[in-house]
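Here are the chains, one letter per residue:
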Amino acid sequence: MRGQWRTFFVMLLLTVIAAGFAGWAGVQYGVQKSMPNTDLDAVLHHDLDLTADQDRQMRILEQNFASDRGSLQAEMRAANRELARAITEKHVYGPDARRAIDRFHAAMASLQEKTVQHVLAMRAVLTPSQTARFDETIDKALGAEAP
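Everything numeric here is computed off the predicted structure, so don't read it as measured data. Counting restarts for each chain, with residues numbered from 1 along the sequence as it is written. For this predicted model, a pLDDT threshold of at least 70 governs which residues receive local features, and a threshold of 80 or more governs which side-chain atom pairs are given and counted, while totals over whole chains, interfaces and linings are taken from all residues. Excluded from the side-chain calculations are hydrogens and water; all other atoms, namely the structure's heavy atoms, are used.

**Remarks on the side chain of glutamine 54**
Then comes step 1: Under the DSSP-based scheme used, a helix requires at least four consecutive residues in state H or I and a strand at least two consecutive residues in state E, with every element numbered from the N terminus. Its place among the elements puts glutamine 54 in helix H3 (residues 52-90).
Then comes step 2: Any pair of N or O atoms that falls within 3.5 Å is considered a polar contact. Within protein, one atom must be able to donate a hydrogen and the other to accept it, and sequence-neighbouring residues count only if both atoms are side-chain atoms. There is a polar contact of 3.1 Å between the side chain of glutamine 54 and the backbone oxygen of valine 125.
Then comes step 3: The contact definition used throughout considers only heavy atoms, calling two residues in contact when any of these lie within 4.5 Å. Once residues lying within four places of it in the same chain are set aside, the contact partners of glutamine 54 are Asp49, Val125, Leu126, Thr127 and Gln130.

Structure below.
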């Protein structure tokens, strides 16, 4: 009798583990399938079948943009530190806080403009058939397509 209970509990445990794994795998599969691929870098380098020359041009564009992006992100971090100082030292929403916010917004706007210019520069490297997939990815990334 004791052996039967042990067998029952072992089988029950194996069933629970198998069901848990199957549930986890199903969720992972469903999430992966339901999320559109909006990673522009992945689409560019894996889905568009770039020629060697296109890939070289894209890498140059990406290196140039990385430099601009890094400096503008550093400017935004500096503006945030300035805002933190204004808040913690003055304890009011005054000229120092407004100046820091304006500084942050200027850097953020510059980053967005540089990003759009970068995206358009990359698009110019593509063939007409590649631009359709690229444009679809941009639409999804920017939320133009309703889910």
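Here the narrative resumes.
**So, the pattern of salt bridges**
Then comes step 1: What makes a salt bridge here is a side-chain nitrogen of Lys or Arg within 4 Å of a carboxyl oxygen of Asp or Glu, nothing more. Within the structure shown, the criterion is met by 10 salt bridges.
Then comes step 2: As a salt-bridge pair, glutamate 75 and arginine 103 come within 2.6 Å of each other at their nearest N and O atoms. With glutamate 75 in helix H3 and arginine 103 in helix H4 (residues 95-125), this residue pair connects regions lying 28 residues apart in the sequence.
Then comes step 3: Each residue's exposure class comes from its accessible area (1.4 Å probe, protein chains only) as a fraction of the maximum for that residue type: buried when under 20%, exposed when over 50%, partly exposed otherwise. Given a relative accessible area of 29%, arginine 103 falls into the partly exposed group.

**Focus on H3**
Then comes step 1: In this model H3 runs 56 Å from its N-terminal to its C-terminal C-alpha over 39 residues, within 8% of the 57 Å that 1.5 Å per residue would give.
Then comes step 2: By the burial criterion, the buried members of H3 are Gln54, Met58, Phe65, Leu72, Met76, Ala78, Ala79, Glu82, Leu83 and Ala86. Expected span, for any helix, means 1.5 Å times one less than how many residues it has.

**Let's talk about the confidence of the model for the protein chain**
As a note on interpretation, predicted positions should not be read in detail where pLDDT is low.
Then comes step 1: Here the protein chain averages 83 in pLDDT, while 86% of its residues score no lower than 70.
Then comes step 2: Of all the helices and strands in the protein chain, helix H1 (residues 2-34) carries the lowest mean pLDDT, 70, while H4 carries the highest, 93.
Then comes step 3: On a range of 0 to 100, pLDDT expresses the predictor's confidence in each residue. A low-confidence stretch, residues 33-38 (pLDDT under 50), is modelled with 9 contacts involving residues beyond four sequence positions or located in other chains.

**A word on the packing of H3 against H4**
Then comes step 1: Between N-to-C directions, angles cover 0 to 180 degrees, with each direction set by a line fitted to C-alpha atoms, over the stretch in contact for helices. Remark: H3 packs on H4, axes separated minimally by 8 Å, with the N-to-C direction vectors making an angle of 170 degrees. By the angle class used here, H3 and H4 are roughly antiparallel.
Then comes step 2: Of the residues in the contact of H3 with H4, the class split is 19 nonpolar, 7 polar and 10 charged. Every angle not falling under 35 degrees, over 145, or within 65 to 115 is termed oblique; those three ranges are roughly parallel, roughly antiparallel and roughly perpendicular. Residues are grouped as follows: Ala, Val, Leu, Ile, Met, Phe, Trp, Tyr, Cys and Pro are nonpolar; Asp, Glu, Lys and Arg are charged; all remaining types, including Gly, are polar.

**Observations regarding unusual backbone geometry**
Then comes step 1: You will see that aspartate 49, though not glycine, has its phi angle at about 50 degrees, which is positive.
Then comes step 2: For aspartate 49, the position within the fold is in the loop between helix H2 (40-47) and H3.
Then comes step 3: You will see that histidine 91, though not glycine, has its phi angle at about 60 degrees, which is positive.
Then comes step 4: Taking relative accessible area as the criterion, histidine 91 reaches 62% and is therefore assigned exposed.

**What to know about the packing of aromatic side chains**
Then comes step 1: Only the six-membered ring of Trp is used, alongside the rings of Phe and Tyr, when aromatic pairs are assigned; centres must lie within 6.5 Å, and planes under 30 degrees apart are stacked while those over 60 apart are edge-to-face, with the rest tilted. Taken as a whole, this structure holds 0 aromatic pairs when the rule is applied.
Then comes step 2: Remark: a charge is flagged as sitting over a ring if the NZ atom of Lys or the CZ atom of Arg is within 6 Å of the ring centre and within 35 degrees of the ring normal. Just above the ring of tyrosine 93 sits the side chain of arginine 98; from NZ or CZ to the centre is 5.5 Å.

**Examining H4**
Then comes step 1: In this model H4 runs 45 Å from its N-terminal to its C-terminal C-alpha over 31 residues, within 8% of the 45 Å that 1.5 Å per residue would give.
Then comes step 2: Listed as buried for H4 are Ala97, Ala100, Ala107, Leu111, His118, Val119, Met122 and Val125.
Then comes step 3: Residues of H4 that are buried in the fold lie against H2, H3 and helix H5 (128-141).

**Notes on the nonpolar core**
Then comes step 1: Definition used in this section: a nonpolar core is a set of buried Ala, Val, Leu, Ile, Met, Phe, Trp, Tyr and Cys residues joined via side-chain atoms within 4.5 Å. Leu40, Val43, Leu44, Leu48, Leu50, Met58, Val119, Met122, Val125, Leu126, Phe134 and Ile138 form the largest nonpolar core, which has 12 residues in total.
Then comes step 2: Of all the elements in the fold, those that place two or more residues in this core are H2, H4 and H5.

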